[in-house]
Amino acid sequence: MTFGSITRNLSFLGAGFALLATATPALPQDGNDEARMRRLEAEVRALQRKVFPGGDGRFFEPQISAQPTVSSTAPSTSTTAVTDILTRLDALEAQLQRQTALNEENANAVRLLSERMDTLESGRGSTTVAATTPTATPAASTGASRNVAATATAAGPSEERVVAVQAIAKPQTDDAADDEYSYGFRLWDAGFFPEAQQQLTLFVEQNPDHWRTTYGRNLLGRAYLDDGKAKEAAPWFLKNYQEDKTGARAGDSLLYLAETMIALDDTRRACIALAEFSETYPALAAGRLQSQYEANRGKVTCN
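This one's a predicted model, so the numbers in the text were calculated from it and none came from an experiment.

The subject of this paragraph is the overall build of the chain. Across its full length, the chain holds 14 helices and zero strands. Each helix (α) and strand (β) of the chain, taken in turn from the N terminus, gives the series α-α-α-α-α-α-α-α-α-α-α-α-α-α. In the chain, which comprises 303 residues, the share counted as buried stands at 41%. Within the chain, contacts between residues separated by at least 24 positions form 63% of all contacts whose residues are at least 6 apart in sequence. Surface summary for the chain: the accessible area is close to 16,600 Å², and the carbon and sulfur share equals 53%.

What follows is about the packing of aromatic side chains. Applying the stated criterion across every chain yields a total of eight aromatic pairs. When the ring of Trp-211 is compared with that of Tyr-215, the centres are 6.1 Å apart and the planes differ by 80°; the resulting orientation is edge-to-face. Here Arg-212 stacks its cationic end above the ring of Tyr-215, 5.1 Å away from the centre of that ring.

Okay, the pattern of salt bridges next. Tallied over the entire structure, the rule returns seven salt bridges. Across the pair Asp-227 and Lys-229 runs a salt bridge whose closest N-O atoms are separated by 3.5 Å. Here Asp-227 falls in the partly exposed class, since its relative accessible area comes to 28%. You can call Lys-229 partly exposed: its relative accessible area is 34%.

For the rest of this paragraph, the subject is the state of the cysteines. Under the definition given, this model contains one disulfide. There is a disulfide in this structure between Cys-271 and Cys-302, and the S-S distance comes to 1.9 Å. Judged by the sign of its S-S torsion, about -90°, the cystine formed by Cys-271 and Cys-302 is left-handed. Pair noted here: Cys-271 is in helix α12 (residues 267-280) and Cys-302 is in the segment after α14 (290-297), with a separation of 31 residues, a long-range link. Residue class for Cys-271 comes out buried when judged on its relative accessible area of 13%.

What follows deals with the confidence of the model for the chain. Taken as a whole, the chain shows an average pLDDT of 73; of its residues, 52% reach a score of 70 or greater. Predicted confidence is poor over residues 2-7, with pLDDT under 50, and the contacts of this stretch with residues over four places away or in other chains come to six contacts. Segment residues 149-154 is flagged for pLDDT under 50; beyond a separation of four residues in sequence, or across chains, it makes 25 contacts in the model.

We now examine the side chain of Asn-296. Along the chain, Asn-296 turns up in helix α14. Owing to a relative accessible area of 1%, Asn-296 belongs among the buried residues under this scheme. Beyond its immediate chain neighbours, meaning those up to four positions away, Asn-296 contacts Leu-255, Glu-259, Ile-262 and Leu-274.

This paragraph deals with unusual backbone geometry. If you check the backbone angles, Asp-265 has positive phi at about 60° while not being a glycine. Considering the arrangement of structural elements, one finds Asp-265 in the loop between α11 (250-263) and α12.

Another aspect to go through is the nonpolar core. Core analysis: the largest hydrophobic core is formed by 44 residues, its most contacted members being Leu-187, Leu-254, Phe-277 and Tyr-281. Elements with a contribution of two residues or more to this core: α7 (176-189), α8 (193-206), α9 (213-226), α10 (230-243), α11, α12 and α13 (282-285). Residue contributions to this core peak at eight residues, all from α11. Aside from chain neighbours lying at most four places away, what touches Tyr-281 is Tyr-241, Lys-245, Ala-250, Gly-251, Leu-254 and Glu-276.

The next point concerns the packing of α9 against α10. Where α9 meets α10, the axes come as close as 7 Å, and the angle between the chain directions of the two elements is 160°. When the axes of α9 and α10 are compared, the pair comes out roughly antiparallel. Considering how the two elements wind past one another, α9 and α10 form a crossing that is left-handed. Contacts between α9 and α10 pair Thr-213, Thr-214, Arg-217, Asn-218, Leu-220, Gly-221, Arg-222, Tyr-224 and Leu-225 from the former with Ala-230, Glu-232, Ala-233, Trp-236, Phe-237, Lys-239, Asn-240 and Glu-243 from the latter.

Conventions used here
- Residues numbered from 1 in each chain as written.
- Predicted model: local features only at pLDDT ≥ 70, side-chain atom pairs only at ≥ 80, totals over all residues.
- Heavy atoms only, no water.
- Helix = DSSP H or I, 4+ residues; strand = E, 2+ residues; numbered from the N terminus.
- Buried < 20%, exposed > 50% of the residue type's maximum accessible area, 1.4 Å probe, protein only.
- Contact = heavy atoms within 4.5 Å.
- Areas by Shrake-Rupley, 256 points an atom, 1.4 Å probe, with all protein chains shown as cover.
- Phe/Tyr/Trp six-rings, centres within 6.5 Å; stacked < 30°, edge-to-face > 60°.
- Lys NZ or Arg CZ within 6 Å of the ring centre and 35° of its normal.
- Salt bridge = Lys/Arg side-chain N within 4 Å of Asp/Glu carboxyl O.
- Disulfide = S-S within 2.5 Å.
- pLDDT = per-residue confidence, 0-100.
- Core = buried A, V, L, I, M, F, W, Y, C linked by side-chain atoms within 4.5 Å.
- Axes fitted to C-alpha atoms, helices over the stretch in contact; angles between N-to-C directions.
- Parallel < 35°, antiparallel > 145°, perpendicular 65-115°, else oblique.
- Left-handed = near helix turned anticlockwise from the far one by under 90°.

Here is the structure:
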């Protein structure tokens, strides 16, 4: 089911529930509450089957299966059937929103890999850059990722560029994963953004639990942003913030996410990110990232 169909179905579900709500203006608190509760839930499930035909209930049934006891002896403290349905419908909508967000994140990851492969296929040729080959490849890595690792991402790189990239030394320490990140940093620092994107993507994919990963995802977002690719940068900033809000560069990513939204002329989301940054990381907003925070605030007008 696509994002558009989920949205339409959710709208249909909301409209259907509104019809049920208006058709049942009041429910007295008497001994028939439990029977009426079952009838309402049966109507909601029937409507749900229309919106999600063929569904087996694995994803949505838990939100409508729990039936709290409604006591007829204490009507002043009992939850009405309509209120109970509203609460569980809110839970259903929240679950749909979470699933939609997960689908969008997966789609972004697939799109990033597809773009890298398209770049390789459209190039005049592939030039092997030995220095970008990772020292170890986990079993979970795909063949496509390994191919990307072995070739230059820029279409038809000039001989001068290849030489310049090869001139950037890759560190050799006892921490091989940290060496991979540091090499990506050196490529970014030298202005070789496509090569840095390639190297840092490999690092974060292969080392999800390394202490440098929070730095790697943030720098990967910056490599895209500095390369004029704000749409590609945004998912990495958001992921770095959401994965671990206490991470060393989680606050940086949230602020860069606001900067990315500004670049995309999305003022509403930029303002949301700026507000969350100042609330979640007040020390950064008043300290290390103060000038960047104030500069971004000056670019948008937030309510």
